[in-house]
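Coordinate analysis (summary)
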Amino acid sequence: MDGVCNVRVVCRYRPHNKIEDTQGGQQVCSFPSKDSVKQNGRPYQFDRVFDPSTSQHLLYKEAAQPIVSDVLKGRNGTMFAYGQTSSGKTHTMEGVLDDDDLRGVIPRIVDDIFTYIQQMDPSSAEEDNKVDNFMIKVSYFEIYMERIHDLLDVTKKNLSIHEDEKKSPYVKDLTEIFVSEPQEVYELIAKGKSNRRVAATNMNLHSSRSHSILQITVKQSLEGEKKTLQGKLYLVDLAGSEKVGKTGAAGLTLEEAKNINKSLSALGNVISALTESTKRGHVPYRDSKLTRILQESLGGNAKTTMVICCSPSSFNDLETKSTLDFGKRAKAIKNRVVINEELTAEEWKKRYQKEHEKNDKLNRVLTALETEVRRWRAGEKVGASEQVGLASKRAVTGTRQGQSTGGNIAAAVATAAAAGVPMPSVGDAGISAEARQAFEEERKKLFADLDEKDGEINSLGQEVERLKVANVDLQELVEMTSSEAAAHLKKLTGMQEECDQNAEQVKEVYKALEDMALNYDTKNQELDEQREEFEKLKEVSETVQNDLQVTRVELKSLQEQILSRHGDLENVLNHWYNSLVGLGSELQCDMDSCMRPNAATLEESIASLRLLDTNLHSSLKALTRRSDSLSATLHSTENELSSRLEDISNLKLRVSQYEADSCSYESNLTELQQSNQSLQAALDSLSQEMTALTAAANAQAAQRGSGSKDTSQRKASNVATFPGSSSDQPADSLLDHVILSQLASVD
């Protein structure tokens with residue numbers, strides 16, 4: 001039934017989940033009847049309440065199925081689920097597509113639409129309501145971070161919202177696909193779900209991070225009435241409100257939660273504006289993309305059903321009460337529902353003829369009333385049978401307003417006559433034919449002027465509407481540009497701070513490089529000194545080796561001399577021994593031959609022997625001393641030689657270490673030179689790229705400035721007030737950043 005109707009609100013409780021059991025949550029709700037619930041003793045009344053044991057089929061039959069018939073009759077319909085995160089919204093709206101028991105509202109509605117179309121029997125339909133054909137098209141999109149993204153075409157992002165000629169909002173450039181069977185719709189839903197943003201939180205492993213909207217448009221042509229009916233159905237799965245303390249959101253998930261709560265807060269503000277004031281004032285539909293799209297569903301031309309999803313646990317008691325209060329306010333919203341029909345030219349002609357005939361009848365009534373008034377003013381009495389409101393009631397078949405007007409005039413005149421009020425005479429109130437003709441000409445002229453003014457008003461109204469649309473687009477562009485400029489300004493500020501930090505780090509690196517260079521020079525100087533010392537030690541080593549060679553030659557000659565002296569001593573001793581033997585033999589012969597030896601000869605022989613023995617002892621002592629001296633000299637020479645050899649080996653080890661250090665320093669110096677060359681090349685390329693980017697930015701700014709002067713001035717002021725916006729400082733910051741990255745790669 002068309003007219004004013006309230007938003008239908010149903011409440012669904014889900015069963016306890018593992019998180020609530022782990023936190024020790026208890027059930028704090030009860031269900032006194034099918035349309036009421038008590039939450040912690042506080043009663044709430046809704047159109048229908050479903051307890052945790054309710055099946056998907058029962059929910060659909062009592063909450064969503066009536067919307068299908070409304071849409072197929074040419075009305076708009078909306079159904080959306082609202083509640084905190086992990087309250088069962090997506091399960092209610094989508095469920096499990098492949099499971100007959102767990103399927104949600106969306107697949108069941110799709111099945112019902114096609115079942116209704118397939119079961120229609122054209123021969124049994126009334127002549128005026130025969131359906132020529134049906135056209136069904138599907139769109140699927142999401143609102144993510146206050147941006148509209150097409151889920152059926154991922155290349156379409158940040159789509160804009162416009163209004164049609166009936167002031168109904170729609171998403172421009174949205175993909176619309178015609179379908180002919182339920183399976184095609186299921187495939188589109190599966191494709192859209194794969195592109196929708198989800199994330200894991202402490203409350204839900206598959207938490208929706210965006211509001212998804214499935215739009216189904218059903219268009220049908222009626223042969224008998226020569227008109228087309230069009231019904232739009234919006235199936236909305238809202239993202240749940242979140243408490244960061246429970247969900248543990250951080251980073252991007254936290255930003256998503258902020259935007260979700262912001263859009264849901266805007267939805268609550270719209271509902272408050274529609275319900276709390278007795279005289280409706282401004283309704284902030286434009287505060288959010290979600291409320292802008294749901295403008296027809298909230299206070300507009302649509303039959304809306306809201307499913308508020310709740311938790312039965314005390315762990316989520318505060319969130320559940322907030323959801324119930326939200327549904328209670330939404331229940332007071334009134335929508336004005338009409339059938340969306342498009343008439344053919346023939347039907348418009350018929351309706352025009354009816355209105356034209358009605359207008360002719362009203363003109364006849366008006367002429368009769370004027371005649372009656374003139375008669376009253378002329379002083380004549382008009383009988384009850386002659387009065388338009390009484391006697392001509394059967395002849396006048398106009399509107400109720402015309403009849404009541406005629407009756408009121410006749411009654412007023414009759415009352416005045418009965419009260420004795422003097423009526424104007426014919427001479428006073430008579431209208432001549434010339435005056436009447438002039439009056440008719442003036443009236444025609446005024447009507448012509450009114451028609452002209454109406455045309456001007458219509459053209460001006462169209463121009464105003466066009467300017468309003470352009471103004472809205474311009475405001476959206478300005479808001480988008482301002483938000484982008486603020487984001488870029490924030491990003492540039494962060495980059496500037498990062499560049500400042502990098503500059504400090506580069507200064508530290510430069511200082512470290514200077515210390516390394518100074519240390520390198522010191523090491524080179526030490527290496528040169530050690531090389532000179534090595535040369536001196538080498539010369540000393542050569543001298544020692546020469547002395548050692550000479551000592552070895554002298555030692556060899558001494559050994560030869562000792563061997564020669566030993567031979568001589570042995571010969572002398574042998575000679576002496578032989579002499580003694582001969583002398584003994586001679587003495588024995590002399591004693592045997594001469595019993596009386598010659599005393600003088602004997603004494604001479606004994607003296608000579610003593611002299612010979614003394615000489616022999618002195619020679620032996622001299623040879624022994626010479627041998628001891630040569631042995632001591634040889635031992636000292638060998639000790640000195642071994643010490644010199646040890647010094648030489650130590651010097652060789654130190655020389656090898658110095659040579660290794662020198663090679664290492666030279667390789668480090670080579671790497672630093674290469675790094676310096678690469679950094680210089682990177683600096684040149686970045687300078688060229690910075691010049692190109694600056695030229696492109698100036699060109700783009702000039703192009704934008706030609707489109708919107710105010711926007712360009714605002715951008716120019718933003719650039720002028722940005723700290724460090726000169727052409728040198730960004731290049732230095734980029735240079736510092738590149739130098740730091742290159743030095744990090746070198747390290």
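Before any of the text, the structure's been laid out above.
Residues numbered from 1 in each chain as written. Predicted model: local features only at pLDDT ≥ 70, side-chain atom pairs only at ≥ 80, totals over all residues. Heavy atoms only, no water.

Quick word on helix 4 (residues 105-119)
- The end-to-end C-alpha distance of helix 4, which contains 15 residues, comes to 21 Å, matching closely the 21 Å that a straight helix rising 1.5 Å per residue would cover.
- Turning to helix 4, its buried residues are V105, I106, P107, R108, I109, V110, I113 and F114. (Helix = DSSP H or I, 4+ residues; strand = E, 2+ residues; numbered from the N terminus. Expected span 1.5 Å × (residues − 1). Buried < 20%, exposed > 50% of the residue type's maximum accessible area, 1.4 Å probe, protein only.)

Observations regarding unusual backbone geometry
- Of note, the phi angle at N40 is positive, near 55°, even though the residue is not glycine.
- One can find N40 in the loop between strand 4 (36-39) and strand 5 (42-45).
- One non-glycine residue, E146, adopts positive backbone phi at about 60°.
- As for its position among the elements, E146 is in the loop between strand 8 (131-144) and strand 9 (147-150).

Things to note about helix 2 (residues 56-72)
- For helix 2, spanning 17 residues, the distance from its first C-alpha to its last is 23 Å, which sits close to the expected 24 Å at 1.5 Å a residue.
- A64 marks where helix 2 bends most, by close to 50°; the proline P66 follows one to four residues later.
- Taken as a whole, helix 2 has its buried residues at Q56, L59, Y60, A63, A64, I67, V68, D70, V71 and L72.
- Where helix 2 terminates, the next one or two residues include G74, which has phi positive at roughly 95°. (Bend = angle between axes of the 7 residues up to and from the residue.)

Details of the environment of F50
- Along the chain, F50 turns up in strand 6 (residues 48-50).
- Residue F50 is classed as buried on the basis of its relative accessible area of 1%.
- With 13 residues separating them in the primary sequence, F50 and V37 have C-alpha atoms 9.1 Å apart.
- For F50, the residues in contact, after removing those within four places along its chain, are V10, C11, R12, Y13, F31, L58, L59, E62 and A63. (Contact = heavy atoms within 4.5 Å.)

Concerning the sheet that holds strand 4
- An order of 3-4-5 is seen for the three strands of this open sheet, with the pairing classed as antiparallel. With one partner strand each, in any of the chains shown, strand 3 (29-33) and strand 5 form the two edges of the open sheet. The sheet shows a mean angle of 25° between the axes of neighbouring strands, direction not considered.
- Two elements, strand 3 and strand 4, share three bridges in a ladder whose sense is antiparallel. Looking at strand 4, one finds that C29 is bridged to Q39. (Pairing = 2+ DSSP bridges. Axes fitted to C-alpha atoms, helices over the stretch in contact; angles between N-to-C directions.)

Considering the pattern of salt bridges
- Scanning the model with the defined rule gives 16 salt bridges in all.
- A salt bridge links R48 to E62; the nearest nitrogen and oxygen atoms lie 2.4 Å apart. Of the two residues, R48 is situated in strand 6 and E62 in helix 2; the sequence distance between them amounts to 14 residues.
- Residue E62 is classed as partly exposed on the basis of its relative accessible area of 27%.
- Linking E176 and K137 is a salt bridge whose minimum nitrogen-to-oxygen distance equals 3.3 Å. Of the two residues, E176 sits in the loop between strand 11 (169-171) and strand 12 (177-179) while K137 sits in strand 8, which places them 39 residues apart along the sequence.
- What you see here is one network of salt bridges that share partners, running through D70, R75 and K303. (Salt bridge = Lys/Arg side-chain N within 4 Å of Asp/Glu carboxyl O.)

Topic: the packing of helix 2 against helix 4
- Interhelical geometry of helix 2 versus helix 4 gives an angle of 45° and a closest axis separation of 9 Å. On the basis of the axis angle, helix 2 is oblique to helix 4. The crossing of helix 2 and helix 4 is right-handed. Contacts from Q56, H57, Y60, A64, Q65, V68 and L72 of helix 2 reach helix 4 at V105, R108, I109, D112, I113 and Y116. (Parallel < 35°, antiparallel > 145°, perpendicular 65-115°, else oblique. Left-handed = near helix turned anticlockwise from the far one by under 90°.)

Considerations on the side chain of Q56
- Mapping Q56 onto the fold places it in helix 2.
- A polar atom in the side chain of Q56 sits 3.4 Å from the backbone oxygen of R103.
- Those residues in contact with Q56 that sit more than four places away from it in its chain are R12, H91, T92, G95, D101, L102, R103, G104 and R108. (Polar contact = N/O pair within 3.5 Å; in protein donor to acceptor, adjacent residues only side chain to side chain.)

A word on the packing of aromatic side chains
- This model, assessed by the stated rule, comprises three aromatic pairs.
- Relative to F31, the ring of Y13 has its centre 5.3 Å away and its plane inclined at 80°; by these criteria the two rings are edge-to-face. Here Y13 is found in strand 2 (residues 8-13), whereas its partner F31 is found in strand 3, with 18 residues between them in sequence.
- Accessibility expressed as a relative area gives 26% for F31, which makes it partly exposed.
- The interplanar angle of 10° and the centroid separation of 3.8 Å between the aromatic rings of Y82 and F326 together place this pair among those described as stacked. Of this pair, Y82 sits in strand 7 (residues 77-83) while F326 sits in helix 9 (residues 317-330), and the two are 244 residues apart along the sequence. Neither residue differs from the other here; Y82 and F326 are each classed as buried. (Phe/Tyr/Trp six-rings, centres within 6.5 Å; stacked < 30°, edge-to-face > 60°.)

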